[in-house]
Amino acid sequence: MLTPDDFIRALDWMGTVVFALSGVLIARRLQMDGFGLLVLASVTAIGGGTIRDLVLGIRPVFWVTQSHYLVLIVVTCALAIPLARLLSRAKVAWLLLHADALGLATFTAIGANKALSVGAPAIVAVGMGVLTGVGGGVIRDVLAREVPMVLCREVYATACIAGGIVLTAVHAWTGQSLPAMLGGMLTTWLIRLAALRWHWHLPTFGGLDPDESR
Amino acid sequence: MLTPDDFIRALDWMGTVVFALSGVLIARRLQMDGFGLLVLASVTAIGGGTIRDLVLGIRPVFWVTQSHYLVLIVVTCALAIPLARLLSRAKVAWLLLHADALGLATFTAIGANKALSVGAPAIVAVGMGVLTGVGGGVIRDVLAREVPMVLCREVYATACIAGGIVLTAVHAWTGQSLPAMLGGMLTTWLIRLAALRWHWHLPTFGGLDPDESR
Amino acid sequence: MLTPDDFIRALDWMGTVVFALSGVLIARRLQMDGFGLLVLASVTAIGGGTIRDLVLGIRPVFWVTQSHYLVLIVVTCALAIPLARLLSRAKVAWLLLHADALGLATFTAIGANKALSVGAPAIVAVGMGVLTGVGGGVIRDVLAREVPMVLCREVYATACIAGGIVLTAVHAWTGQSLPAMLGGMLTTWLIRLAALRWHWHLPTFGGLDPDESR
């Protein structure tokens, strides 16, 4: 039978694969070679969790002892190019966006939960959730020389913040990890799905003065 | 009564606010949303100290246990936009530059002092002072996709190096932290003020050959 | 007499100098000031090893206790500009490329060996070899606002991967560090030399569809 822990682990693996794929896509667009592809896939998939573990003082970072993360990334890179040909571009994009929403929800919950488990205060736990969820994508965009997408666009990190707050609140209330994680994940995932469906955006602050029309 | 420790702590908080504000300004210019603003403010304010703590092996990094740093940054972001309207742009720029000089002096002294307190050699202490002082700004500029300002411009990092050297020397001589910190801070601050007033620049090395006109 | 350990240490120092020089060259091209030069030289020379030590949980990172690395970098920066005038540009470029091949081989072997010595699994050891070899150059390119060269170009990281695999295999087989390191270094170095001589390139994946002509 699938226990809740198995369920979260399965989502974690799926998130790793999906995040790696988003690295592969950008590497292709920039015409990187096989190694660049591997690097972008890796930093996207495990970059956020790496910074989280470093900052929390957990050592070594998770993927040094749990080497199946690296194996998963290498296999994803090897299969990504041939498999991408079986599906149309539109279908690949749709699948990735929706799998990404699930991965984001899982990564955020894992990050916030890990921070709470080492005794970090609530605001730090929310920050660690966000860092785990979006940190890898930010490093990927820096390496690809783009202004990180997540800083400019969409209700993406906001979904992480909301999920982190719910998780921290449920954890403070019940004292248990599992309901907190499931609550946090559900929150992030539903906000992200709604943002995808109705094209939600946050206000930007560059356009404060109405006469600025850049 | 205000003890020297209180005084340094007050300057540290002011530095955190000022550095966060410089992140807010760049986020506005790039039309980032509210989350991007929060990220740029955070990396500018605590990025340098984070790398310092990681490299020195202090764990977890300072803002995980002292969560008032994150609170300070969030409050700064929330108040920055409305407050900015109360002052003219020129006044904001003047205030920021001069508060930044104080913040830089404080951060540099804190960084160098922390390195000495864990037994690092003098050259490493100077490096940690510089890293704490300018590291956050460098990460901010990388995320904003600019060549880090501090690498190309002005007697900024040089003021940190001088302050770090004075601090290390006074510390070696007296064996005490407080006079060393005050000496280092004063050095960084005065050099920075002088550089602002007389528009000092360091020579660059690209124009060495007069026949190179790139 | 020169023991193998002395030999590896000498190559490590040479690699540090050469990597620092590659930072100096890019800083010159970008017309950075003296401080920018120092920063680019430092991140190129010790950036990869710093991330490696952080990820492996070795603290503090190597150059905090072994401060001769920083001294070596400062001296290299001080001497680089005057010495560069004694040689023609073509000779400097040739020397740098070939010294870089030796430095890369050494850094990769040191990184993979350090990972194995703290009990990391094989795939992590290979990754740490690559990270130590190319990580510094990637940070340098990010600061200089270029898409990291190594992600797009040449059989560079591939030489590290091959060297890391050979090192890990020999280590698993003999249980000894020294033959493993020498085997790994020789592999990286020879592949890199061959790539330089015959202009090897890896296939890129951007050009998969022949009708895409971006």
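Residues numbered from 1 in each chain as written. Chains lettered and ligands numbered in written order. Predicted model: local features only at pLDDT ≥ 70, side-chain atom pairs only at ≥ 80, totals over all residues. Heavy atoms only, no water.

In the annotation of an unreviewed UniProt entry, chain A is listed under the name Trimeric intracellular cation channel family protein and assigned to Lampropedia puyangensis. The heading Subcellular location (unreviewed entry) in the UniProt record of chain A holds the text "Cell membrane". For the record of chain A, the UniProt heading Sequence similarities (unreviewed entry) holds the text "Belongs to the UPF0126 family." (UniProt positions renumbered as here; feature names shortened; annotations may be inferred.)

Trainee: Mind showing me how you'd approach the UniProt feature "transmembrane region" (unreviewed entry) in chain A here?
Mentor: Residue and element names in this part refer to chain A. Annotation from UniProt places "transmembrane region" (unreviewed entry) at residues 6-27, 34-55, 67-87, 94-112, 118-143, 155-174 and 180-198. Structurally, residues 34-55 comprises 100% helix and 0% strand, and the distance from its first C-alpha atom to its last is 31 Å. Secondary structure across residues 180-198 comprises 100% helix and 0% strand; the distance between its end C-alpha atoms is 27 Å. (Helix = DSSP H or I, 4+ residues; strand = E, 2+ residues; numbered from the N terminus.)

Trainee: I would appreciate a short explanation of the packing of helix H5 (residues 89-117) of chain C against helix H6 (residues 122-143) of chain C in the present structure.
Mentor: Packed helices, taken two at a time, are described by their axes: the angle between them and the distance between them. Residue and element names in this part refer to chain C. Closest axis-to-axis distance for the H5/H6 pair is 7 Å, and the angle between their directions is 140°. Read as a crossing pair, H5 and H6 show a hand that is right-handed. Contacts between H5 and H6 involve Leu104, Phe107, Thr108, Gly111, Ala112, Ala115 and Leu116 on the former and, on the latter, Ala125, Met128, Gly129, Val130, Thr132, Gly133 and Val134. (Axes fitted to C-alpha atoms, helices over the stretch in contact; angles between N-to-C directions. Left-handed = near helix turned anticlockwise from the far one by under 90°. Contact = heavy atoms within 4.5 Å.)

Trainee: Looking at this model, I keep getting lost on the relation of the copies chain C and chain B. Mind explaining?
Mentor: Relating one copy of the chain to the other takes a rotation about an axis and a shift parallel to that axis. Once chain C is rotated about the relating axis by 120° and shifted along it by 0.0 Å, it coincides with chain B to within an RMSD of 0.0 Å. Here the transformation between the copies is reduced to the relation of a three-fold axis. Residue by residue, only 14% of the interface of chain C is reproduced at the interface of chain B, so the copies engage with different surfaces. (Least-squares fit on C-alpha atoms with pLDDT ≥ 70 in both.)

Trainee: Sorry if this is basic, but what is going on with the interface of chain C and chain B here?
Mentor: The accessible area lost on association of the parts is a frequent measure of interface size. Contacts between the two partners involve 29 residues from chain C and, on the opposite side, 35 residues from chain B. Together chain C and chain B conceal approximately 2,600 Å² of surface at their shared face, both sides included; 68% is due to carbon and sulfur atoms. Sorting the residues of chain C by area buried against chain B places C:Gln31, C:Asp33 and C:Phe35 first, and these three jointly supply 24% of that buried surface. Our enumeration of links across chain C and chain B arrives at 0 salt bridges. Counting every contact that joins chain C to chain B gives 2 residue pairs in polar contact (both at pLDDT 80 or more). Looking at which element gives the most residues to the side of chain C that touches chain B, the answer is helix H2 (residues 34-56) of chain C, with 8 residues. (Buried area = accessible area lost by both parts, 1.4 Å probe. Salt bridge = Lys/Arg side-chain N within 4 Å of Asp/Glu carboxyl O. Polar contact = N/O pair within 3.5 Å; in protein donor to acceptor, adjacent residues only side chain to side chain.)

Trainee: Would you mind showing me how to read the side chain of B:Thr132 here?
Mentor: Residue and element names in this part refer to chain B. Within the element layout of this structure, threonine 132 appears in helix H6 (residues 122-143). Of note is the side chain of threonine 132, whose polar atom sits 2.6 Å from the backbone oxygen of methionine 128. Sequence-distant contacts of threonine 132, that is, excluding residues within four places in its chain, are made with Gly48, Gly49, Arg52, Phe107 and Gly111.

Trainee: Before we go on, may I ask you to explain the packing of aromatic side chains in this structure?
Mentor: Working definition: an aromatic ring pair is given by the centre-to-centre distance plus the angle between the planes. Counting across every chain of the model gives 6 aromatic pairs over all chains. On the basis of an interplanar angle of 90° and a centroid distance of 4.9 Å, the ring pair of B:Phe62 and B:Tyr69 is categorised as edge-to-face. Of the residues examined, B:Phe62 reaches a relative accessible area of 10% and is grouped as buried. Take B:Tyr69: its relative accessible area is 8%, and that puts it in the buried class. Geometrically, the ring pair formed by C:Phe19 and C:Phe107 is tilted, given 4.7 Å between the ring centres and 40° between the ring planes. Note that C:Phe19 is positioned in helix H1 (residues 4-29) and C:Phe107 in helix H5, a separation of 88 residues in sequence. (Phe/Tyr/Trp six-rings, centres within 6.5 Å; stacked < 30°, edge-to-face > 60°. Buried < 20%, exposed > 50% of the residue type's maximum accessible area, 1.4 Å probe, protein only.)

Trainee: Any chance you could explain the pattern of salt bridges here in plain terms?
Mentor: Should the charged atoms of two oppositely charged side chains come close, the side chains can pair. Residue and element names in this part refer to chain A. Counted according to the given criterion, the structure contains 12 salt bridges over all chains. Of the charged contacts in the structure, one is a salt bridge between aspartate 53 and lysine 114, with a shortest N-O distance of 3.2 Å. Of the two residues, aspartate 53 is situated in helix H2 (residues 34-56) and lysine 114 in helix H5 (residues 89-117); the sequence distance between them amounts to 61 residues. Take aspartate 53: its relative accessible area is 0%, and that puts it in the buried class. Taken together, the shared-partner salt bridges connect Arg52, Asp53 and Lys114 into one network.

Trainee: I'm lost on the UniProt feature "domain: Glycine transporter" (unreviewed entry) in chain A in this one. Help?
Mentor: With numbering aligned to this structure, UniProt lists the feature "domain: Glycine transporter" (unreviewed entry) at residues 10-83 and 99-171 of chain A. Annotated as residues 10-83 of chain A, this span is 85% helix and 0% strand, and its ends, taken at the C-alpha atoms, are 21 Å apart.

Trainee: Explain the side chain of C:Thr76 to me, please; I cannot follow it from the model alone.
Mentor: Residue and element names in this part refer to chain C. One can find threonine 76 in helix H4 (residues 68-84). Threonine 76 gets classed as buried once you look at its relative accessible area, which sits at 10%. Within the structure, threonine 76 has its side chain in polar contact with the backbone oxygen of leucine 72 (distance 2.7 Å). With sequence-adjacent residues up to four places away left out, threonine 76 is seen in contact with Val17, Ala20 and Leu21.

Trainee: What exactly am I supposed to notice about a nonpolar patch on the surface here?
Mentor: Residues and elements named next belong to chain A. A surface patch of nonpolar side chains, about 790 Å² in accessible area, is lined by Val71, Val75, Leu79, Leu83, Leu86, Leu87, Trp94 and Leu95. Where the nonpolar patch is concerned, the elements lending two or more residues are helix H4 (68-84) and H5. Considering each element in turn, the nonpolar patch owes the most residues, 4 residues, to H4. Assignment of secondary structure puts leucine 87 in the loop between H4 and H5. (Patch = residues over 30% accessible without salt bridge, like charges linked within 9 Å, V, L, I, M, F, W, Y side chains within 5 Å. Areas by Shrake-Rupley, 256 points an atom, 1.4 Å probe, with all protein chains shown as cover.)

Trainee: Is there a simple way to think about the environment of A:Pro148 in this case?
Mentor: Residue position: A:Pro148 is located in the loop between helix H6 (122-143) and helix H7 (149-152). For the pair formed by A:Pro148 and A:Val134, sequence separation is 14 residues and the distance between their alpha carbons is 9.8 Å. Residues contacting A:Pro148, with those up to four places away along its chain left out, are A:Val138, A:Asp141, A:Val142 and B:Leu143.

Trainee: Please explain the confidence of the model for chain A as it appears in this structure.
Mentor: Regions with low pLDDT carry predicted coordinates that are not meant to be interpreted in detail. In this model, chain A carries a mean pLDDT of 85, and residues with pLDDT of at least 70 account for 91%. Every residue in residues 206-214 of chain A scores below 50 in pLDDT, and together they form 13 contacts with partners more than four places removed in sequence or on other chains. (pLDDT = per-residue confidence, 0-100.)

Trainee: How should H6(A) be read in this particular structure?
Mentor: All names here are of chain A. Taking 1.5 Å as the rise per residue, H6 with 22 residues should run 32 Å; its terminal C-alpha atoms sit 31 Å apart, in good agreement. Where H6 bends most, at valine 134, the angle is about 45°. The buried count for H6 comes to 17 of 22 residues, which makes it a mostly enclosed element. Just past H6, the residue arginine 145 takes up positive phi, approximately 60°. (Expected span 1.5 Å × (residues − 1). Bend = angle between axes of the 7 residues up to and from the residue.)

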